[in-house]
Amino acid sequence: MGPLSIEQLKTSLDRGGFQRSHLYDVFIAKGFGDHMFNQALDAAGFDPNTFLFDNELSVRTKTVALPTQTIATNPIKVNGMDYEHPYQMNYEGDISFTFILDEGSKLRDVFVNWMNNIYSSRGKYAYRPQYATKIQIRMLNSIGQPKAAYNIEEAFPKTISQTELSGETPGLSDFTVTFSYRYFNKTNEL
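Residues numbered from 1 in each chain as written. Predicted model: local features only at pLDDT ≥ 70, side-chain atom pairs only at ≥ 80, totals over all residues. Heavy atoms only, no water.

S.K.: How would you summarise the packing of aromatic side chains if you had to cite specific residues and measurements?
M.R.: Applying the stated criterion across every chain yields a total of 15 aromatic pairs. Arranged with centres 4.5 Å apart and planes meeting at 50 degrees, the rings of Tyr119 and Tyr125 form a pair that is tilted. Residue Tyr119 is classed as partly exposed on the basis of its relative accessible area, which comes to 41%. Ring geometry for Tyr131 against Phe156: centres 5.1 Å apart, planes inclined by 80 degrees, an arrangement best described as edge-to-face. (Phe/Tyr/Trp six-rings, centres within 6.5 Å; stacked < 30°, edge-to-face > 60°. Buried < 20%, exposed > 50% of the residue type's maximum accessible area, 1.4 Å probe, protein only.)

Spelled out as structure tokens, the structure:
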């Protein structure tokens, strides 16, 4: 195949469209009843029964990387030649979100409280159904309608980064939360 032309690129973009990197939103599903995410929301001053946290989360999500998926392989020798043979689907297990810090650190407090609920001060871990939940990353079109979604299943915060403050240049402070998850799926039916 020869070099691609501008016309070929235009035709491809007209046919399949394109995703702008800034058009997305993030939603963390609230648990039922006494779920630890609900407790973390409440302790940080968010009512788990309203959408205030959902709105803050979507507006303050600065970056998110879609999850990674790989196939694990082993070398197999057939007739003296090696080739790779798949044996397992791997979900890399971590996904990171960077959030813009609010003035009172309430958003960061939600994730700190959630992690503190997972591992108690008495040295005991909670059961996975008590703390893991679903995260949805929705890809939006140019008028804000969802076109596809990644559903991150059984997610929970595993790391909260430090928040750097600097007296040198004014700017917005942010922090990164890394979530562990079990698997993900993508849907175009929203």
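S.K.: Help me get a handle on the packing of helix α2 (residues 36-43) against helix α4 (residues 106-118), residues and values and all.
M.R.: For the pair α2 and α4, the least separation of the axes is 8 Å and the interaxial angle reads 135 degrees. Overall, the two elements α2 and α4 adopt an arrangement that is oblique. Handedness of the α2/α4 crossing: right-handed. Residues Met36, Phe37, Gln39, Ala40, Leu41 and Ala43 of α2 touch α4, and the partners they reach there are Val110, Asn113, Trp114, Asn117 and Ile118. (Axes fitted to C-alpha atoms, helices over the stretch in contact; angles between N-to-C directions. Helix = DSSP H or I, 4+ residues; strand = E, 2+ residues; numbered from the N terminus. Parallel < 35°, antiparallel > 145°, perpendicular 65-115°, else oblique. Left-handed = near helix turned anticlockwise from the far one by under 90°. Contact = heavy atoms within 4.5 Å.)

The values reported here are purely geometric and, on their own, carry no functional implication.
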